[in-house]
Amino acid sequence: TQVIKPRIREILSRELPPELVNLLPKHWVRIGDVLIIPLRKELEPYKHRIAEVYAKVLGVKTVLRKGRISGEFRETNYELLYGSDTVTVHVENGIKYKLDVARIMFSPANVKERVRMAKVARPGETVVDMFAGIGHLSLPMAVHGGAKVIAIEKSPYTFKFLVENIELNGVWDRMTAYNIDNRDFPGENIADRVLMGYVVRTHEFIPKALSIAKDGAVIHYHNTVPERLMPEEPFKTFKETAREYGVEAEKLNELVIKRYAPGVWHVVVDIRVFKR
Ligand code: SAM
């Protein structure tokens, strides 16, 4: 069970009506020196003071209110409650990630996948990351795995951070970045490994991933799946689409990453493709 930090409770119970004290956030996410807290409606009138106390006790410069992630670019839309600077550098698994937490998603629940990708990458292999973001998965593969990574990111704002992160982590010799829609990427039969780290509509991008992959390549296919369609999906759709393009698909491994919504899971399947 989670509890409100005693120091926070002590300060705010002097300032808030007693019935609201138990509604204070009991968990939060810290990315670099930015804190993201969920905040109940009842606490609205006190939100700035609450954020200030959390910032001071937990030692962060900025506090955001957790909101939704939406749209093609999977942008966060988090309300600024305290501080002004929402850009920070987050260090995880020895990788430096610079990002604007108010606009770009960085899910703590995906950490296992970031660590796993650092381990599956092989020195010298060519990886194409079709949904690179700020380098969430590309950077661990280049830094720890020694892979050559082609990172594609469509959002110009997110792309700026991707480029900075390649620089910050000193991997320009191993990474190339493109600010384009991955469907316009010209490479065919070039990747030993393709990353499809996207949700909700990932199946629309299967044909492009198949064309980028070499014969025998591994595709890490993410998608969100309603529980009632599991465990057949999401592999079933991938396999059927691949067949339409004359490609055979073999499922190697499958992992649940996190709960995406009630009754819906974010899943990743590792798939080997045979193109002959
Ligand atoms: N792959 C990372 C991960 O799994 O943690 C980042 C995921 S983020 C949700 C997906 C990124 O894909 C966003 O930055 C978004 O802007 C980008 N994106 C969406 N559609 C795209 C497209 N058609 N071509 C290239 N990038 C795209």
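Only a predicted model underlies this, so the values are computations on that prediction, with no experimental measurement involved.

Draft legend 1. How the structure looks around the sheet that holds strand 6 (residues 79-82). One open sheet accounts for four strands, arranged 1-2-3-6; its pairing is mixed. Each having just a single partner strand, strand 1 (29-31) and strand 6 make up the two edges of the open sheet. Taking each pair of neighbouring strands and ignoring which way they run, the sheet shows an average axis angle of 30 degrees. Pairing of strand 3 (residues 62-65) with strand 6 involves three bridges; the strand directions are antiparallel. Paired with Arg-65 across the strands is Glu-79, a residue of strand 6. Lying over the sheet, helix 3 (residues 47-58) contacts strand 1, strand 2 (34-37), strand 3 and strand 6, oriented at roughly 65 degrees with respect to strand 6.

Draft legend 2. Region of interest: the nonpolar core. Leu-99, Val-101, Ile-134, Met-141, Val-149, Leu-162 and Met-175 are the most contacted members of the largest nonpolar core, which totals 32 residues. Within the residue set of this core, elements represented by two or more residues are strand 2, strand 8 (95-100), helix 5 (138-143), strand 10 (148-152), helix 6 (156-168) and strand 11 (175-178). The biggest single contributor to this core is helix 6, with four residues. Setting aside chain neighbours within four positions, we find Val-149 in contact with Val-127, Asp-129, Ser-138, Met-141, Ala-142, Arg-174, Met-175 and Thr-176. Formed by 29 residues, the second largest nonpolar core is a distinct cluster that contains Ile-152, Ile-206, Val-225 and Val-269.

Draft legend 3. Quick peek at the packing of aromatic side chains. Evaluated as defined, the whole model comprises eight aromatic pairs. Residues Trp-28 and Tyr-54 carry aromatic rings whose centres are separated by 5.9 Å and whose planes lie at 80 degrees to one another, so their mutual orientation is edge-to-face. Residue Trp-28 is found in the loop between helix 2 (18-21) and strand 1, and its partner Tyr-54 is found in helix 3; the two are separated by 26 residues along the sequence. We classify Tyr-54 as buried; its relative accessible area is 0%. Note on Tyr-157 and Phe-161: the rings are 5.4 Å apart at their centroids and 85 degrees apart in plane angle, and the pair reads as edge-to-face. You can see Tyr-157 and its partner Phe-161 sitting in helix 6, four residues apart, about one turn around the helix. Residue Tyr-157 is classed as partly exposed on the basis of its relative accessible area, which comes to 21%. Exposure remark for Phe-161: the relative accessible area of 3% places this residue in the buried category. Each member of the aromatic cluster is reached from another via a ring pair, and the members are Phe-131, Tyr-198 and Phe-205. Across the ring face of Tyr-157, the terminal group of Arg-103 is positioned such that the distance to the ring centre comes to 4.0 Å. When the ring centre of Phe-106 is taken as reference, the NZ or CZ atom of Arg-114 above it lies at 4.1 Å.

Draft legend 4. Fine view of the pairing of strand 11. Every second residue of strand 11 is oriented toward a common face, the buried set being Met-175 and Ala-177 and the non-buried set Thr-176 and Tyr-178. Strand direction decides the pairing type here: strand 10 and strand 11, joined by four bridges, are parallel. Bridging across to strand 11, Ile-152 finds its partner in Tyr-178. You can see the chain leave strand 10, run along helix 6 and come back into strand 11, and the turn it takes is right-handed.

Draft legend 5. Seen up close, a nonpolar patch on the surface. Together, Val-89, Val-91 and Leu-168 give the surface a local cluster of nonpolar side chains, amounting to about 230 Å² of exposed area. Looking at the element boundaries, Val-89 is found in strand 7 (residues 87-92). The class of Val-89 is partly exposed, set by a relative accessible area of 37%.

Draft legend 6. Local environment of helix 8 (residues 235-244). All buried positions along helix 8 are accounted for by Phe-235, Phe-238, Thr-241 and Ala-242. Taken down its axis, helix 8 places every buried residue within 135 degrees of arc, on the same side. Its buried side turned inward, helix 8 meets helix 7 (206-212), strand 13 (213-226), strand 14 (248-261) and strand 15 (264-274). Count one or two residues on from helix 8 and you reach Gly-246, which has phi positive near 75 degrees.

Draft legend 7. Spatial organisation of the layout of surface pockets. Of the voids in this model, the largest pocket is the one considered here, and its volume is about 1100 Å³. In terms of lining residues, the largest pocket is bounded by 49 residues, among which Ile-69, Arg-74, Met-105, Asn-110 and Lys-258 are the most central. Put simply, the parts of the chain that give the lining of the largest pocket at least two residues each are strand 1, helix 4 (111-120) and strand 14. For the lining of the largest pocket, the leading source of residues is strand 14, giving four residues. When the residues that make up the lining of the largest pocket are grouped by side-chain class, the tally is 23 nonpolar, twelve polar and 14 charged.

Analysis parameters
Residues numbered from 1 in each chain as written. Predicted model: local features only at pLDDT ≥ 70, side-chain atom pairs only at ≥ 80, totals over all residues. Heavy atoms only, no water. Pairing = 2+ DSSP bridges. Helix = DSSP H or I, 4+ residues; strand = E, 2+ residues; numbered from the N terminus. Axes fitted to C-alpha atoms, helices over the stretch in contact; angles between N-to-C directions. Contact = heavy atoms within 4.5 Å. Core = buried A, V, L, I, M, F, W, Y, C linked by side-chain atoms within 4.5 Å. Buried < 20%, exposed > 50% of the residue type's maximum accessible area, 1.4 Å probe, protein only. Phe/Tyr/Trp six-rings, centres within 6.5 Å; stacked < 30°, edge-to-face > 60°. Lys NZ or Arg CZ within 6 Å of the ring centre and 35° of its normal. Right-handed = clockwise from strand over helix to strand, strands pointing away. Patch = residues over 30% accessible without salt bridge, like charges linked within 9 Å, V, L, I, M, F, W, Y side chains within 5 Å. Areas by Shrake-Rupley, 256 points an atom, 1.4 Å probe, with all protein chains shown as cover. Salt bridge = Lys/Arg side-chain N within 4 Å of Asp/Glu carboxyl O. Arc of directions from axis to C-beta. 1 Å grid on protein atoms, 1.4 Å probe; cavity = no way out; pocket = protein on both sides within 12 Å on 5 of 7 lines; lining within 4 Å. Points joined across faces, edges and corners; volume = space filled by probe spheres on them. Nonpolar A, V, L, I, M, F, W, Y, C, P; charged D, E, K, R; others polar.

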